[in-house]
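Letter by letter, the chains look like this.
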Amino acid sequence: MIQSNMAPQGMVVTPHHLASESALAVLREGGNAIEAMVAAASTIAVVYPHMNGLGGDGFWLVVPPQGAPVAIDASGAAGSLAGASFYQGMTRIPHRGPKAALTVAGTVSGWSDALNLSRELGGGALPLTRLLRDAIRYAADGMPVTASQAAATAAMAHELADQPGFAALFMPDGAPPRPGSRFTQPALADTLSELCEYGLESFYRGPLAQRLAQGMAQLEMPVMLEDLQRHRARRRAPLHLAHQHGDIYNLAPPTQGLVSLAILGITDSLEMAQADEVQTVHRIVEATKKAFALRDRYITDPLHMREEMQALLESGLLAETARQLDLTRAAPWGGGRGPGDTVWLGVMDSSGMAVSFIQSIYHEFGSGVVLPDTGIVWQNRGAAFSLEPNHLLTLLPGKQPFHTLNPAAARLKDGRVMVYGAMGGDGQPQTQAAIFTRHVIQGMALQEAVSAPRWLLGRTWGQASDSLKLEGRFHADTLAQLRALGHEVETLPDFSEAVGHAGAIVRHTNGMLEGAFDPRSNGSAAGF
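Residues numbered from 1 in each chain as written. Predicted model: local features only at pLDDT ≥ 70, side-chain atom pairs only at ≥ 80, totals over all residues. Heavy atoms only, no water.

Chemist: How should I be thinking about unusual backbone geometry in this particular structure?
Modeler: Note the cis peptide between Pro253 and Pro254, where omega equals 20°. Here Pro254 lies in the loop between β9 (246-250) and α11 (257-267). Within the chain, Asp373 stands out as a residue other than glycine whose phi angle is a positive 65°. Within the fold, Asp373 resides in the loop between β11 (354-362) and β12 (408-412). The exposure class of Asp373 is exposed, given its relative accessible area of 67%. (Helix = DSSP H or I, 4+ residues; strand = E, 2+ residues; numbered from the N terminus. Buried < 20%, exposed > 50% of the residue type's maximum accessible area, 1.4 Å probe, protein only.)

Dropping the structure here:
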């Protein structure tokens with residue numbers, strides 16, 4: 001039997017159980033959801049290093065007990081040297097190496113601004129040394145390598161082993177580590193300790209920033225000290241969808257939060273409560289194709305956009321799009337943006353505060369570049385830019401890249417509050433739609449909704465196909481009927497990382513907190 005975990009005082013869901021326990025310990029000591037999330041975020045940066053880290057970006061969606069939700073965009077822009085001339089002779093930005101490490105890492109700025117928000121909301125002020133304590137310990141003393149990290153290292157070794165610093169850190173014995181072996185990151189432990197001593201802002205404006213810039217120059221990355229110093233996390237109003245079941249929130253551009261809301265907005269007109277499994281998948285997939293088309297038409301750095309995405313959500317376009325869907329036949333589509341590795345984490349505390357959070361270095365191990373003497377793997381998010389001069393995503397110095405990252409939250413009409421999300425590039429909005437539809441609309445139990453077989457429209461690692469991929473646990477009749485509807489169906493393993501690591505927390509009207517984690521991950525739902 002599949003059961004959710006429930007608790008009265010606090011609940012944490014992450015894709016790594018050690019990160020869940022770091023956050024739970026902070027909640028037990030009186031910290032609020034934001035402080036607990038910083039603890040979880042720092043720990044998971046250490047124990048899931050192929051998925052995320054200090055060299056990546058982050059996005060926060062904070063839902064206070066009362067008042068409007070607050071979004072924090074902690075993503076970095078392209079470096080000052082990242083112009084067309086830097087990539088002269090290339091047709092696209094590489095996914096690995098120093099030329100892929102072209103944007104400022106915003107994650108740490110997000111931790112800093114979230115803690116500022118915590119104080120503004122009247123929260124406690126646990127010292128940073130306490131919040132980063134577990135992360136420092138796991139980096140210095142070691143933690144067990146997950147099967148996910150071992151598999152990712154083995155699969156990507158051919159393109160990462162020669163990147164600066166990668167093999168020395170991630171393949172210290174000359175080969176990918178074995179699951180369960182001890183993995184230490186002493187340089188990262190020193191970096192985290194330095195942040196405790198000088199403050200999180202020292203990552204951008206302090207001694208650490210100076211060392212980061214020196215390493216970047218040494219590796220001929222296009223990011224400079226001035227780019228670090230210029231960077232600030234940004235607070236933005238989240239996008240909002242008025243759904244028949246409540247208010248759903250997600251992140252504004254440069255993220256694809258619009259896609260997640262658009263899918264649910266389109267399917268809101270399609271009587272999803274009565275849909276069987278085949279029609280649930282079919283309708284969400286067809287809505288996904290339409291939502292991706294909106295994304296690819298509009299989403300880029302918000303400073304380079306003319307259209308207002310909130311106005312689009314309120315325009316009636318989604319209802320009109322729903323009327324155009326063919327419930328008897330799959331529409332053709334042009335393809336997606338491909339895979340990406342990320343971690344989604346959720347926390348709710350006893351005060352009523354809820355946090356939905358995502359942290360990422362984009363592809364597995366990001367650019368593969370480890371900055372000297374820091375233990376920091378730098379992201380390759382800038383590979384989302386285009387080198388075509390008139391493209392929506394044209395690379396420009398100081399421009400934010402497109403982001404697949406989008407943590408979600410909902411205030412439901414029945415009084416419940418929900419935070420939910422997933423990793424996985426193009427799969428994130430699809431998984432969010434699956435969980436929300438199954439749990440909120442169709443009444444499936446929360447843990448069952450997360451554990452149930454999922455699908456992915458688009459590419460996974462190592463595949464060029466943009467087919468509809470379904471986990472092997474779907475019934476053969478479901479696969480056959482989807483093929484009959486015109487879908488190009490392929491099957492994945494029964495529990496596949498390709499469909500992402502998802503999670504969700506629900507606060508019930510009696511105050512009880514229910515958490516569900518993804519069995520495809522190393523995660524847990526921990527409460528007290």
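Chemist: I'm lost on the pattern of salt bridges in this one. Help?
Modeler: Where charged atoms from two side chains of opposite charge approach closely, those side chains can pair. What the rule picks out here adds up to 18 salt bridges. Ionic pairing is found between Glu120 and Arg235, a salt bridge with its closest N-O pair at 2.7 Å. Residue Glu120 is found in helix α3 (residues 107-120), and its partner Arg235 is found in strand β7 (residues 234-236); the two are separated by 115 residues along the sequence. The residue Asp518 makes a salt bridge to Arg520 at a minimum N-O spacing of 2.8 Å. (Salt bridge = Lys/Arg side-chain N within 4 Å of Asp/Glu carboxyl O.)

Chemist: Looking at this structure, I do not really get the sheet that holds strand β14 (residues 455-457). What am I missing?
Modeler: The pairing of strands in a sheet comes from backbone hydrogen bonds and takes either a parallel or an antiparallel form. Read across the sheet, 3 strands follow the order β14-β15-β16 without closing on themselves; strand pairing throughout is mixed. The strands lining the two open edges of the sheet, one partner per strand, are β14 and β16 (489-492). The average undirected angle you get between the axes of adjacent strands in this sheet is 25°. For strand β15 (residues 468-471) and β16, the ladder comprises 4 bridges, and the chain directions are parallel. What sits directly across from Lys469, in β16, is Glu490. (Pairing = 2+ DSSP bridges. Axes fitted to C-alpha atoms, helices over the stretch in contact; angles between N-to-C directions.)

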